[in-house]
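Structure assessment
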Amino acid sequence: MTTYKRILLKLSGEALMGNDSYGINRDIMQRIVDEISEVKKLDVEIAIVVGGGNIFRGMQSANDGIERVTADYMGMLATVMNALALQDAMKQGGLTPRIQSALHIEQVVEPYIRAKAIRYLKEGKVIIFAAGTGNPFFTTDTAAALRGMEMNVDIVLKATKVDGIYTSDPKVDPSATRFNKLSFNDAINKNLQVMDATALTLCRDQKLPLNVFSLFKVGALKRVVMGEDEGTLVTN
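Keep in mind that this is a model prediction, so the values were computed, not measured.

What about the nonpolar core?
Counting 41 residues, the largest nonpolar core has Ile-7, Leu-9, Ile-36, Ile-48, Met-90, Leu-157 and Leu-221 as the members making the most contacts within it. Where this core is concerned, the elements lending two or more residues are β1 (6-11), α1 (13-17), α2 (26-40), β2 (45-50), α4 (68-92), β5 (126-130), β6 (155-160) and α9 (220-225). For this core, the element with the highest residue contribution is α4, accounting for seven residues. Among all residues touching Leu-157, those that are not within four sequence positions of it are Ile-7, Leu-8, Leu-9, Lys-10, Asn-211, Phe-213, Leu-221, Val-224 and Val-225. Core analysis: the next-biggest nonpolar cluster, separate from the first, contains 31 residues, Leu-8, Phe-179, Leu-182 and Cys-203 among them.

Points about the packing of α2 against α4
Following both chains from N to C, one finds α2 and α4 inclined at 60°, their axes separated by 10 Å at the closest point. On the basis of their axis angle, the class for α2 and α4 is oblique. Between α2 and α4 lies a crossing of right-handed hand. Taking contact as the criterion, the partners of Arg-26, Met-29, Ile-32, Val-33 and Ile-36 in α2 are, on α4, Ala-85, Leu-86, Asp-88, Ala-89, Met-90 and Gln-92. In the contact of α2 with α4, the residues fall into eight nonpolar, one polar and two charged.

Quick notes on α4
Helical geometry: 3.6 residues make up each α-helical turn, so side chains three or four residues apart lie on a common side. With 25 residues, α4 should reach 36 Å at 1.5 Å per residue; the first-to-last C-alpha distance of 37 Å fits that figure. Among the residues trailing α4, Gly-94 stands out with phi positive, at a value near 90°.

Procedures and definitions
- Residues numbered from 1 in each chain as written.
- Predicted model: local features only at pLDDT ≥ 70, side-chain atom pairs only at ≥ 80, totals over all residues.
- Heavy atoms only, no water.
- Core = buried A, V, L, I, M, F, W, Y, C linked by side-chain atoms within 4.5 Å.
- Buried < 20%, exposed > 50% of the residue type's maximum accessible area, 1.4 Å probe, protein only.
- Helix = DSSP H or I, 4+ residues; strand = E, 2+ residues; numbered from the N terminus.
- Contact = heavy atoms within 4.5 Å.
- Axes fitted to C-alpha atoms, helices over the stretch in contact; angles between N-to-C directions.
- Parallel < 35°, antiparallel > 145°, perpendicular 65-115°, else oblique.
- Left-handed = near helix turned anticlockwise from the far one by under 90°.
- Nonpolar A, V, L, I, M, F, W, Y, C, P; charged D, E, K, R; others polar.
- Expected span 1.5 Å × (residues − 1).

The quantities given are spatial measurements derived from coordinates; they are silent on function.
Set out below in structure tokens:
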């Protein structure tokens, strides 16, 4: 028996790189598809928001001299590329994915239409949301919170390279400890940088729980969906 029946999975572009410095790691992509397939066997409805930092990061490029709005749109296009790669891997893995984009690129992917996306979920398809919110200055974390609310999901799951939220960066501070549970207010006030403040505030105000877990632990996604102690659960 699963704890959650409909989930929104946030995949960062950096997670798709694995240990590479750029692009998409095929082994990581296959692992993601395998994890999703295991959860689909439980009849869980899955929506995904994918980032684009493995190809292009808007804020960083803005600091390098590209206008922020232009840089953000370039980042949105990078998420479409990742969504296409994920869709292809899912098809090869026997899943039925559909991409919807906040930017209108009809020759490549269909535009975001809420009612159609919900119908896809009910039909057992995996819906992949690309191009963030379609607006500059908003991150794909915020897109995940927004689409999660629009899809009426039970929880937002953020897959990262670490197995939860820590008191400090565990790669830098060996004494850092992981939170099993955390409130949205604490996550915001302590500036733990698990998601941007806009995304956390949206989830808090709509009472939409969040779980941060490691993409690199085999079976972690399934354990989260089953309600087991995996990652860090953030609630009101």
